Amino acid sequence: MSFRKIFLLAVVALGIAAFFVFDLGRLLSLEYLKQSQASFEALYASQPLKVSLVYFAIYVAATALSFPGAAIITLAGGAIFGLWWGTLLVSFASSLGATLAFLTSRFVLRDSIEAKFGNRLAEINRGIEKDGAFYLFTLRLIPVVPFFVINLVMGLTKMKALTFYAVSQIGMLAGTLVYVNAGTQLAQIDSLQGILSPALLGSFVLLGVFPLIAKWIVGLMQKRKVYARWASVKPQRFDRNLIVIGAGAGGLVSAYIAAVVKAKVTLVEAHKMGGDCLNYGCVPSKALIKSAKLAHQMRHGETYGLHSTTPTFSFKAVMRRIQDIVRAIEPHDSVERYTGLGVEVLQGYAKLVNPWTVQIKLNDGSTQTLTTRSVVIAAGARPFVPPLPGLEDSGYVTSDTMWDKFGELDEVPKRLVVLGGGPIGCELAQSFARLGSQVTQVEMGPRVMAREDEEVSELARQALMKDGVDVRTGHKALRVENSDGVKTLVVEHAGAEQRIEFDELLCAVGRSARLTGYGLEELGIPTNKTVETNEYLQTLYPNIYAAGDVAGPDQFTHVASHQAWYAAVNALFGDFKMFKADYRVIPWATFIDPEVARVGLNEQEAKEKGIAVEVTKYGIDDLDRAIADSEAHGFVKVLTVPGKDTILGVTIVGTHAGDLLAEYVLAMKHGLGLNKILGTIHTYPTLAEANKYAAGEWKRAHAPQQLLAWVGRFHDWRRG
């Protein structure tokens, strides 16, 4: 560290030390200000210039050294100098002091911070370069973050000092006026009646409502800036209150809510109502899993005291059953149902022309253009297909396209390669293995289901292998070859190439949000794997919202429905009240056998985030109902605050884990601890008792041993 830095640090340290050694904090109190009011006024009357300069210097020093009590000094300015002179002194002194703190932080701290956190700081600097002045203005205008923190943190960025000073000067002016005005009223209090004077009450009302007014002003300015290029095309009247793009879970719920509250809403869907979940995901995959599980149970009939038998079946009939189930559920999401609810359903491709206009190319070839106050984008996601050489010529399928292609097969694919070790890949790999396919599952990472704890991943791997899946983790797919009708996947493992022949290849390496084709690019709406939204699910344009897979963070049907409520309500009633999307308690499940279900933290995430947890585990192999069902494997693992029964997360592995998880989701949502679960009556014999027994394990670990020892002595005494 250079001599100049050391000298500056010494000066700052001496100033802070003097503040505490001489107990200068006692001078920064409302009581001291009132006691000294008369003497300050007299001194100012006799030496106005000198007092003004001393006050100015004290304010600059206090701000530069980040002393507490700036509000009291500001009130003193109003009490001593009056509104206009006091505002002038405070405005320039506070901005100058803030800039000195800014420069001190930059000179002393920035180099060391950049050396340690260069990558993160670079990202922040990019944002500062783009919108730094407006962001600083917002922070100055709405005093949520302490000003001394803003001064020090901004000094670490690459914002120009002149920009910092100018924005601070303007941004703090409104707040300075409010505080100085309150100080002028404090100066006039000379009796109890003065405390209740209308002028004083008005000043404190201003102090209370100023942040709200400032927030409204900032919001208005931001809107004007965002919509500036479209101002000339904004309609005077709107055809619709809401247009929803996409009829998956997010779009259906958004449209439903709008219709319920009597808004005029149009839902646009280019393909099938119900989206991915109904047509390609949740519904057909669970129907396939059920058929596969029954085939598995038939092969292992001896487990239940029956004869084991090899199931004979038509694969085409299995796939036909799946389509029948999809058709049985279709009416829930149909055009007819939603039209009956009051939703206008248009089938075609929607495109945003401007923030209030949507052009719809209908499937019949015609085009319709509608204006709307708000839009909800619920365009969903599609399977991600890796750029593997030769893949396009291999006849591969995805979790979307496999239903139609496999539905034409008379027999289950003999040799099936599944690319991907996530939930989709694991579910489908196990199901096809149980139906008789020779399945090879290829995962580039070191383990399957990598978001779960290692022991959960290992249990999943063992379950897959037990059903005949050849699980190959740490294998990187390189290319696909097709020679003389023999299709081969070439992979790399431990530095050597391996070849896997296959009849069908299923890509299940994840899903990517649909971000093109409906006007995001033309409107300049930012995307980064998903559509970028704020905590209210608003995009760059406050009247355009996003929900579901296209918005992230999780690609679950229930999350899409959850987000849709916030998007629709904010879109329709946001002028009066906005609601932040709540992701604190999001459950999910992977429907392999045994199922894996989770809500909140697991041990892996707790360790990554540095969160201290206490782990309680109950083995389902001890549960009466699981034993009776020959399903006695798995566990319930609960993470709690150390020493408390507050639930931070739960992982359940076992039969019907997704159903068992619901009790914990409810408990976490409403702040109920393990003691409440333990005190709840659970029907015997049911799997749900596992939750009670897990709570019992926690209670047993926290039993008051010393007290119980005394109670034992008490009972000994009672027996004589």
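Calculation rules
Residues numbered from 1 in each chain as written. Predicted model: local features only at pLDDT ≥ 70, side-chain atom pairs only at ≥ 80, totals over all residues. Heavy atoms only, no water. Helix = DSSP H or I, 4+ residues; strand = E, 2+ residues; numbered from the N terminus. Buried < 20%, exposed > 50% of the residue type's maximum accessible area, 1.4 Å probe, protein only. Contact = heavy atoms within 4.5 Å. Areas by Shrake-Rupley, 256 points an atom, 1.4 Å probe, with all protein chains shown as cover. Expected span 1.5 Å × (residues − 1). Salt bridge = Lys/Arg side-chain N within 4 Å of Asp/Glu carboxyl O. Polar contact = N/O pair within 3.5 Å; in protein donor to acceptor, adjacent residues only side chain to side chain. Pairing = 2+ DSSP bridges. Core = buried A, V, L, I, M, F, W, Y, C linked by side-chain atoms within 4.5 Å. Axes fitted to C-alpha atoms, helices over the stretch in contact; angles between N-to-C directions. Phe/Tyr/Trp six-rings, centres within 6.5 Å; stacked < 30°, edge-to-face > 60°. Left-handed = near helix turned anticlockwise from the far one by under 90°.

Student: Quick rundown of the overall build of the protein chain? Include the residues and the values.
Tutor: When helices and strands are tallied, the protein chain shows 27 helices and 23 strands. Looking at the protein chain residue by residue over its 720 residues, the buried ones come to 46%. Once local pairs closer than 6 in sequence are excluded, the contacts in the protein chain between residues at least 24 apart make up 65%. Counting every atom, the protein chain has about 36700 Å² of accessible surface; 60% of that belongs to carbon and sulfur.

Student: Any details on helix H14 (residues 282–299)? Residues and values, ideally.
Tutor: The terminal C-alpha atoms of H14, which comprises 18 residues, lie 26 Å apart, in line with the 26 Å expected from a rise of 1.5 Å per residue. Buried within H14 we find Val283, Pro284, Ser285, Ala287, Leu288, Ile289, Ser291, Ala292, Ala295 and His296. In this structure, the buried residues of H14 make contact with helix H13 (275–279), helix H15 (315–329), helix H17 (402–406) and helix H18 (423–434).

Student: Pulling in residues and values, what's your account of the pattern of salt bridges?
Tutor: Evaluated as defined, the whole model comprises 34 salt bridges. Of the charged contacts in the structure, one is a salt bridge between Glu411 and Lys414, with a shortest N-O distance of 2.9 Å. Side by side, Glu411 and Lys414 carry an identical accessibility label, which is exposed.

Student: Mind laying out the side chain of Asn543, listing which residues take part and the relevant values?
Tutor: Secondary-structure assignment places Asn543 in the loop between strand E17 (530–531) and strand E18 (544–546). Here the side chain of Asn543 touches Tyr227 through a polar contact of 2.6 Å, side chain to side chain. Only 2.8 Å separates the side chain of Asn543 from the backbone oxygen of Pro355, close enough to count as a polar contact. In this structure, Asn543 is in contact with Tyr227, Pro355, Trp356, Arg373, Ser374 and Val375, ignoring residues within four places of it in sequence.

Student: Could you give me a rundown of the pairing of strand E2 (residues 265–269), with the residues and numbers involved?
Tutor: E2 sits mainly inside the fold: five of its five residues count as buried. Taking every second residue as pointing to the same face, both faces of E2 are buried, with Val265, Leu267 and Glu269 on one and Thr266 and Val268 on the other. Pairing analysis gives four bridges linking strand E1 (residues 240–245) to E2, with the strands arranged parallel. Opposite Leu242, over in E2, you have Val265 as the bridge partner.

Student: Tell me about the nonpolar core, and please be specific about residues and values.
Tutor: Counting 36 residues, the largest nonpolar core has Leu288, Met402, Phe406, Phe432 and Val439 as the members making the most contacts within it. The set of elements that each furnish at least two residues to this core consists of H14, H15, H17, strand E8 (415–419), H18 and helix H19 (454–466). The element best represented in this core is H18, accounting for five residues. Once you skip the residues sitting within four places of it in the chain, Met402 turns out to touch Met319, Val397, Gly407, Leu428, Phe432 and Leu506. Core analysis: the second largest hydrophobic core is formed by 29 residues, Leu515, Leu523, Ile525 and Ile544 among them.

Student: Break down the sheet that holds strand E12 (residues 486–493) for me, citing the residues and quoting the values.
Tutor: As a general point, the strands of a sheet are linked pairwise by backbone hydrogen bonds and lie either parallel or antiparallel. Across the sheet, three strands lie side by side as E11-E12-E13; this open sheet has antiparallel pairing. In the strand order of this sheet, the two ends are held by strand E11 (476–483) and strand E13 (496–502), each with one partner. Strand-to-strand, the axes of this sheet are offset by a mean angle of 25°, without reference to chain direction. Where E12 meets E13, seven bridges bridge the pair, whose relative direction is antiparallel. Bridge pairing in E13 links Val491 to Gln498.

Student: An account of the side chain of Ser105 is needed here, citing residue identities and associated values.
Tutor: Turning to its location among the elements, Ser105 is positioned in helix H6 (residues 83–141). Sequence-distant contacts of Ser105, that is, excluding residues within four places in its chain, are made with Arg110, Leu152, Gly155 and Leu156.

Student: Please set out the packing of aromatic side chains residue by residue, giving values where relevant.
Tutor: A complete count under the given rule lists 13 aromatic pairs for this structure. Here Phe102 and Phe164 contribute two aromatic rings whose centre-to-centre distance is 4.2 Å and whose plane-to-plane angle is 15°, an arrangement assigned as stacked. Taken together, the residues span a long stretch of sequence, with Phe102 in helix H6 and Phe164 in helix H8 (residues 161–171) at a distance of 62 residues. Overall, Phe102 belongs to the buried group, its relative accessible area being 0%. Centroid distance Tyr618 to Tyr693: 5.6 Å. Interplanar angle 45°. Geometry classified as tilted. Taken together, the residues span a long stretch of sequence, with Tyr618 in strand E21 (residues 614–619) and Tyr693 in helix H26 (residues 689–701) at a distance of 75 residues. Judged by its relative accessible area of 31%, Tyr693 is partly exposed. Ring-pair connections join several aromatic residues into one group, and the members of that group are Tyr44, Tyr55, Tyr59 and Phe81.

Student: Describe the sheet that holds E8, and please don't skip the residues or the numbers.
Tutor: Spatially, the five strands line up as an open sheet ordered E7-E14-E8-E9-E10, and their pairing is parallel. Both outer strands of the open sheet, strand E7 (397–398) and strand E10 (470–473), are each paired with one neighbouring strand and no more. One ladder, built from two bridges, connects E7 with strand E14 (residues 504–507); its direction is parallel. By the bridge assignment for E14, Thr398 is matched with Cys507. Here H18 sits on the sheet in contact with E8, strand E9 (438–443) and E14, set at roughly 165° to E9.

Student: Outline unusual backbone geometry, supporting the account with residue identities and numerical values.
Tutor: For the bond from Gly552 to Pro553, the omega torsion is 0°, close enough to zero to count as cis. Inspection of the secondary structure puts Pro553 in the loop between E18 and helix H21 (557–573). Tyr684 connects to Pro685 through a cis peptide bond whose omega is -10°. Among the structural elements, Pro685 can be located in the loop between helix H25 (674–678) and H26.

Student: So what about the environment of Glu392? Which residues, and what values?
Tutor: Mapped onto the fold, Glu392 is located in the loop between strand E6 (381–383) and E7. Residue Glu392 is classed as exposed on the basis of its relative accessible area of 58%. In this structure, the C-alpha to C-alpha distance between Glu392 and Val480, residues 88 residues apart in sequence, is 8.9 Å.

Student: With reference to specific residues and values, describe the packing of helix H12 (residues 249–260) against H21.
Tutor: If you want to describe how two helices pack, look at the angle between their axes and the distance between the axes. Axis separation between H12 and H21 bottoms out at 8 Å; the angle between their running directions is 35°. Where H12 crosses over H21, the two elements pack in a sense that is right-handed. Contact residues: H12 offers Ala249, Gly250, Val253, Ser254, Ile257 and Ala258, while H21 offers Thr557, Ala560, Ser561, Ala564, Trp565, Ala568, Val569 and Leu572.

Everything listed is a geometric property; what it means functionally is a separate question.
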